[in-house]
Amino acid sequence: AMMESGPFPEEVPERRVCVVGSELVENYTVYVMDVTDGHHRWTVKHRYSDFYELHEKLTVEKKVDRQLLPPKKILGKNSRSLVERRQKELELYLQMLLQQFPEAMPTALNVFLHFHLYEINGITAALAEELFHKGEQLLQAGEVFSLHPLQLYSISQQLRLANPTCFNGDAKTDLGHILDFTCRLRYLKIFGTRGPVGTSNIQESSLPFDLSIFKSLLQLEISDCNSRQILGLPTLRSSLATMSIHRSTESMMVVLVPEASEFSQWEPEGVESRCPVTAVIPMWTNLTTLDLSHNCISNIDNSVKLISKVEFLDLSYNHLSLVENLQHLYNLVHVDLSYNSLKALNAAHTCLGNIKTLSLAGNQLERLSGLSKLYSLVNLDLSHNQVAQLEEIKNIGSLPCLEILNLSSNPVCIIPDYRTKVLTQFGDRAAEICLDFKVTTEKELDTVEVLKAIQKAKEAKDRMSSSETKVPLSYRQMFYISACSPSSKDGYFEMGLDDSVEEPVCSSPSLVNAHVAEEDLLEEVLVRRVMWCCCVWVDEEVKQGEACLVLTDRLLGLLTWSHDPMSTNIKFVSDVFLLSWDSSGSKLKTEGNQLSHHLVPGLSPGLKLLAGLKQQQLLTYFHRYVAVSHPEELRHVLWLSVVLYKSPETELTCCLLLSNDSIYFLLEDLPTSHCSVNHHKLPLWFFCLIKTQETDSFVQTHLCCCLSFRLSDLLAVNVGLFDQYFRLVGHSADHIVCCLSRDSYATGIFLQELMSALSLHQQQLPPPEPSDQDFYSQFTNTNTSKMQNYELIHSSKVKFIYPSEEEMEDLTFIVADRKNSAPPSSCNILLYLLVFQVGNTSGTAVPRTLILTSTDVLLLDEDYVSYPLPDLAKEPPSRERYQLCEARRIRDLDRVLLGYQTYPQALTLVFDDLPGPDLLCHLTMDHFASSIEETSLRGGVVSQGLEGEVHWCIFVPGADSRERLISLLARQWEGLCSRELPVELTG
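Conventions and cut-offs
Residues numbered from 1 in each chain as written. Predicted model: local features only at pLDDT ≥ 70, side-chain atom pairs only at ≥ 80, totals over all residues. Heavy atoms only, no water. Helix = DSSP H or I, 4+ residues; strand = E, 2+ residues; numbered from the N terminus. Buried < 20%, exposed > 50% of the residue type's maximum accessible area, 1.4 Å probe, protein only. Contact = heavy atoms within 4.5 Å. Areas by Shrake-Rupley, 256 points an atom, 1.4 Å probe, with all protein chains shown as cover. Patch = residues over 30% accessible without salt bridge, like charges linked within 9 Å, V, L, I, M, F, W, Y side chains within 5 Å. Salt bridge = Lys/Arg side-chain N within 4 Å of Asp/Glu carboxyl O. Lys, Arg positive; Asp, Glu negative; His and termini not counted. Charge placed at Lys NZ, Arg CZ, Asp CG, Glu CD. Expected span 1.5 Å × (residues − 1). Pairing = 2+ DSSP bridges. Axes fitted to C-alpha atoms, helices over the stretch in contact; angles between N-to-C directions. Phe/Tyr/Trp six-rings, centres within 6.5 Å; stacked < 30°, edge-to-face > 60°. Lys NZ or Arg CZ within 6 Å of the ring centre and 35° of its normal. Parallel < 35°, antiparallel > 145°, perpendicular 65-115°, else oblique. Left-handed = near helix turned anticlockwise from the far one by under 90°. Nonpolar A, V, L, I, M, F, W, Y, C, P; charged D, E, K, R; others polar. Disulfide = S-S within 2.5 Å. pLDDT = per-residue confidence, 0-100.

Asks: It is not clear to me how the overall build of the protein should be interpreted in this structure. Could you clarify?
Replies: Helices and strands together make up the secondary structure of the protein, namely 21 helices and 45 strands. Relative to its 987 residues, the protein shows a buried fraction of 48%. Considering only residue pairs separated by 6 or more positions, the protein has 58% of its internal contacts joining residues 24 or more positions apart. With the model as given, the accessible surface of the protein reaches about 48,300 Å², and the carbon-plus-sulfur share is 51%.

What follows is the structure, encoded as structure tokens:
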């Protein structure tokens, strides 16, 4: 093929080698040489032994004079005078070799002077020899072959200069091996470098190279090159199917129509032109995938007329501000325009007619009206934009094929109940939408149905108010429920409006005034819970029927219905009971400011005062004495025990306050006696002032310690087994707090509130740097969460780490290890609870971990705060995680005592004192103790009941956990003993 001579420099045959210096490395000298070949120059370093080995090869292969190389020196070989003299002698030696081999240098000399890396003939010879050995194998395997621009430049120069195809006479290095390989190669990757190549002054971005030697290419990827230096691209139009070019171009025209630099007026082949043209350009006939991401393209020019068969187009990470000319690509299926500068997208259907996947992430879009007619769209990514209004979602809510929608990191995400309000915009298709990579739940669908009914009622109200006749409407007119019963498999109802029924407002005293109820309904309400249930009415006669309870932020509604005698398919709402529901507008849940009984003993005066505050008092107290920033909002209150990482032996009573900015731990008075917290860095000390009703004055109370850290400092949350506790991890050991809620429900509620607060807090931070990921693999990924290795990574980068199977297996092994018979595989943990073991006489409550297996009950002493080991820990904890205190077989359980005994709401497990062969019951601490005093010193609180009995008095803080423990105990006991477990009520 004839090569164009324009971009290629003329050959400059000058070659020089100069020894410019030396370096002492360890105990030998390295000589530094500058090698020049025309305009290219590079540096080579060799020690004298390398020269000696080269000379030996040349004397054998090329009959070079053996006396030409300066001799070895044993003594004083590193002396300055010898090194300087040898520099001159070695330089003379190399110059004589270049004169002796002016054109075809031996392979050994080529490698020695790095000609195979930087010089045209050396590069092509090395590549030809590699392809001679591996070329056929690479072609048969169909692998992607990688080349540098310098290698392609060398091949192009060889062909242009018409030099012999084999300089050194070795057939393995013949240029024909390269040409044969490139003619048949199908997959090519060209990756350049930024800056000089190796030790040379060669800038690959300035080297022209020709691709016309590739006759069968199907896939081409180019990165870090200069597109204006790439020749021969038009020769690939008939074969190329996939082309990817990154960090190489500022214009699509340079890539798709290189001829445009010569012909200003051109038209695609096969298109009739109404104006004179200077050139007809062939089409890219087989190109279906074009990836021009990570370039500096500022507009989509009319060069896209030549790629009409493209189905996948990726223009992400460019500088586009306008979408145009894409109407010529009528085969488009997937388009990626993410991370550009798009501020508006008007009438997108005119240029993106039948696409299925569209990514607009990372732009500046505020309005979505231009997307309303993309009827074939299935997958839409709008993350990291500026969409703030729910009204904009209506523009895409009617798209019939949309299934996957990503709206994360938009201002609209901070709206309360954002998910359900967005899903409501999709009407009957809400169940088919995967929003933010999370599948819609049945609970969300129930809420959506209620919101849809409210929305339709509001529309009906607007229609009524716009007309001159105003007919009073009752609730039974506003809602109807389609043919679907509460026991249906779908789990939700289709709701709508029935305009055909006109009945007077019910005058039952249980109903509120029609006008007031109507106004309440038509206001925007926050639906918190929907529950289908069975309702019993007690009037003159007892009636039973199906009903739906709807809890909003201000109202509690009961929806009932009856069959319409005229139709068997429609059910109408017959009554709605609206109960007043007190709400001050705050998101704070006041029931959180309630103490469990085990936290009351020993409560400090300051915390007692705090526990007695009502909602408004607590909010006032928080904003006046606790909150750091003025607009801070209190979101959640939780009373629990905490263990600080620096004092794992001490459990402190705490009132945890969660705001949208920070987490505050209000601890007991004078915590310095319990822990070694650095008061200058972490705690905020303050006085609590509460206004009294009797004297209308303020009273100064005791000091309380407040330990706090910002949500932005939160790194991870470790969730304990069975959600019995959680650990908050910050940047240092002072910011590691283990929170012992001892209640799975309370833990779950707090984690939900924490995730919500983190999401709100994240909206105030700058958006993260976009990740450089393959666009198509993102949209083909069907995962709906980011759970990896039991770590749920929140969008704020906070890790929520849940117990892994390995952790459960370790605990199972520890439990089984305390038994002599059953192997770990047969041990099955049914329940894990954090409880208190209470002494019958003293009433002292000792924290314990209760584990219920299929055959045994165990009490352990657990280190909550040290495990799993934090990243900042420098050494393992001083004690093991689990230490067995006591263990009993379920078959030895005689009865369970319930009632108010020495400790309210505790339950007593009464065992027959008959140690079995499969449990090491003799390890129970009271069996070793020689006296009651020794037992108390060791922490044992087991009490001896009647002769031959052992009593375990256990207090379980969570009511649901307590019921579950009794239920599981009764089930296992009945299976082992073939009769019901005796449960007795006491005092």
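That was the structure; now back to the text.
Asks: So what exactly am I meant to see when it comes to a negative patch on the surface here?
Replies: A grouping of Glu 805, Glu 806, Glu 809 and Asp 810 is seen on the molecular surface, where their side chains present a negatively charged patch. Positionally, Asp 810 belongs in helix α18 (residues 805-817). Overall, Asp 810 belongs to the partly exposed group, its relative accessible area being 43%.

Asks: Whenever I open this one, the pattern of salt bridges confuses me. Can you help?
Replies: Pairing of side chains with opposite charge becomes possible as their charged atoms draw close. Applying the stated rule across the entire model yields 26 salt bridges. Among the salt bridges present, the one from Arg 237 reaches Glu 259, with a minimum N-O distance of 2.8 Å. Remark: Glu 259 occurs in the loop between α8 (252-256) and β10 (266-268) and Arg 237 occurs in the loop between β8 (230-231) and β9 (242-246); sequence separation between them is 22 residues. Asp 913 is paired through a salt bridge with Arg 888; the nearest N and O atoms lie 3.3 Å apart. With Asp 913 in the loop between β42 (907-912) and α19 (925-928) and Arg 888 in strand β40 (residues 882-889), the pair connects residues that are 25 residues apart, well separated along the chain.

Asks: Honestly, α18 in this entry has me stumped. Any pointers?
Replies: Each α-helix winds once per 3.6 residues, and so residues spaced three or four apart point in a common direction. In this model α18 runs 18 Å from its N-terminal to its C-terminal C-alpha over 13 residues, within 8% of the 18 Å that 1.5 Å per residue would give. Looking only at α18, the buried set comprises Glu 807, Leu 811, Thr 812, Val 815 and Ala 816. Buried residues along α18 sit in contact with β37 (829-838), β38 (845-853), β39 (856-862) and β40.

Asks: Got a minute to help me understand the sheet that holds strand β19 (residues 438-439) in this structure?
Replies: Strand pairing in a sheet relies on backbone hydrogen bonds, with the paired strands running either antiparallel or parallel. Strand order in the open sheet formed by twelve strands is β4-β5-β7-β9-β12-β13-β14-β15-β16-β17-β18-β19, with mixed pairing between adjacent strands. Pairing within the sheet leaves two strands with one partner each, and these edge strands are β4 (145-147) and β19. As paired elements, strand β18 (residues 434-435) and β19 share two bridges and run antiparallel to each other. Bridging from a neighbouring strand, Cys 434 pairs with Val 439 of β19.

Asks: How should the sheet that holds strand β1 (residues 15-25) be read in this particular structure?
Replies: One open sheet accounts for three strands, arranged β1-β2-β3; its pairing is antiparallel. Whereas interior strands pair on both sides, the edge strands pair on one side only; in this sheet they are β1 and β3 (40-47). Averaged over neighbouring strand pairs, the angle between their axes works out to 20 degrees when direction is ignored. Strand direction decides the pairing type here: strand β2 (residues 28-37) and β3, joined by eight bridges, are antiparallel. By the bridge assignment for β3, Val 32 is matched with Lys 45. Sheet strands in contact with helix α1 (residues 48-61) are β2 and β3, and its direction is about 100 degrees off that of β3.

Asks: I'm lost on the packing of aromatic side chains in this one. Help?
Replies: Describing an aromatic ring pair means giving the distance of the ring centres and the angle of the ring planes. Counting across every chain of the model gives twelve aromatic pairs. Ring geometry for Trp 42 versus Phe 115: centroids 5.5 Å apart, planes at 80 degrees, classification edge-to-face. Placement of Trp 42 in strand β3 and of Phe 115 in helix α4 (residues 115-118) is noted, with a sequence separation of 73 residues between them. Comparing Trp 42 with Phe 115, the two get one shared label, buried. When the ring of Phe 836 is compared with that of Phe 955, the centres are 6.4 Å apart and the planes differ by 35 degrees; the resulting orientation is tilted. Of the two residues, Phe 836 sits in strand β37 while Phe 955 sits in strand β44 (residues 949-955), which places them 119 residues apart along the sequence. As far as burial versus exposure is concerned, Phe 836 and Phe 955 are alike and both buried. Counting every residue linked through ring pairs, the aromatic cluster contains Trp 42, Phe 115 and Tyr 118. Between Arg 47 and the ring centre of Tyr 28, over which it is positioned, the NZ or CZ distance is 3.8 Å. Above the face of the Tyr 48 ring, Arg 86 is positioned so that its terminal group lies 4.0 Å from the ring centre.

Asks: Could you clarify how one ought to interpret the packing of α1 against helix α2 (residues 80-100) in this entry?
Replies: Packed helices, taken two at a time, are described by their axes: the angle between them and the distance between them. Direction vectors running N to C along α1 and α2 enclose 30 degrees, while the axes themselves pass 13 Å from each other. When the axis of α1 is compared with that of α2, the two are roughly parallel. Crossing of α1 against α2: the hand is left-handed. Contact residues: Tyr 48, Phe 51, Leu 54, His 55 and Leu 58 in α1; Arg 86, Leu 90, Tyr 93, Leu 94 and Leu 97 in α2. Grouping the amino acids of the contact of α1 with α2 by side-chain chemistry returns eight nonpolar, one polar and one charged.

Asks: Help me understand unusual backbone geometry, please; the structure alone is not making it clear to me.
Replies: Most peptide bonds take the trans configuration, and most residues that are not glycine carry a negative phi. With omega at -10 degrees, the peptide bond leading from Tyr 867 into Pro 868 counts as cis. Of note, Pro 868 is situated in the loop between β39 and β40.

Asks: Can you help me understand the environment of His 598 in this one?
Replies: For His 598, the location among the structural elements is in the loop between β25 (571-580) and α14 (605-611). Residue class for His 598 comes out buried when judged on its relative accessible area of 12%. Here the alpha-carbon distance between His 598 and Pro 957, two residues 359 residues apart in the chain, equals 7.3 Å.

Asks: So what exactly am I meant to see when it comes to the packing of helix α5 (residues 120-141) against helix α6 (residues 149-161) here?
Replies: Contact geometry for α5 and α6: axes closest at 9 Å, N-to-C directions at 105 degrees. As judged from the angle between their axes, α5 and α6 are roughly perpendicular. Contacts between α5 and α6 involve Ile 120, Asn 121, Ile 123, Thr 124 and Leu 127 from the first element and Leu 150, Gln 151, Tyr 153, Ser 154, Ile 155, Gln 157 and Gln 158 from the second. Taken together, the residues of the contact of α5 with α6 sort by class into six nonpolar, six polar and no charged.

Asks: Whenever I open this one, the state of the cysteines confuses me. Can you help?
Replies: In protein structure, a disulfide is the covalent linkage between the sulfur atoms of two cysteines. If you walk through the whole model with that rule in mind, you get zero disulfides. There is no disulfide at Cys 654, and the cysteine sulfur nearest it, in Cys 655, is 6.6 Å away. Of the residues examined, Cys 654 reaches a relative accessible area of 0% and is grouped as buried.

Asks: When you look at the confidence of the model for the protein in this model, what are you seeing that I'm missing?
Replies: Low-pLDDT stretches of the model should not have their predicted coordinates read in fine detail. When pLDDT is averaged along the protein, the result is 77, and 74% of the positions lie at 70 or above. The model gives residues 564-586 a pLDDT under 50, and that stretch makes 63 contacts with residues more than four places away or in other chains. When the criterion is pLDDT under 50, residues 917-940 qualifies, and its contacts beyond four places in sequence or with other chains add up to 38 contacts.

Asks: I would appreciate a short explanation of the pairing of strand β32 (residues 726-729) in the present structure.
Replies: The side chains of a regular strand alternate between the sheet's two faces. Every second residue of β32 is oriented toward a common face, with Phe 726 and Leu 728 on one face and Arg 727 and Val 729 on the other, all of them buried. Pairing of strand β31 (residues 716-719) with β32, which is carried by four bridges, proceeds in the antiparallel orientation. Its bridge partner lying in β32, Ala 716 is registered against Val 729. Two successive antiparallel strands, β31 and β32, enclose a turn made up of six residues, where Phe 722 displays a positive phi of approximately 55 degrees.

Asks: Just to check I follow, could you spell out helix α21 (residues 959-977) for this structure?
Replies: Look at α21: 27 Å from first C-alpha to last across 19 residues, which is about the 27 Å you get at 1.5 Å a residue. Regarding α21, the residues found buried are Ser 961, Arg 962, Leu 965, Ile 966, Leu 968, Leu 969, Gln 972 and Trp 973. Taken together, the buried residues of α21 touch β37, β38, β39, β41 (893-899) and β42. Directly after α21, the chain includes Ser 978, whose backbone phi takes a positive value near 60 degrees.

Asks: Looking at this structure, how should I read the environment of Ile 123?
Replies: If you trace the backbone, Ile 123 turns up in helix α5. Sequence separation between Ile 123 and Ile 155 is 32 residues, and the spatial gap between their C-alpha atoms is 8.5 Å.

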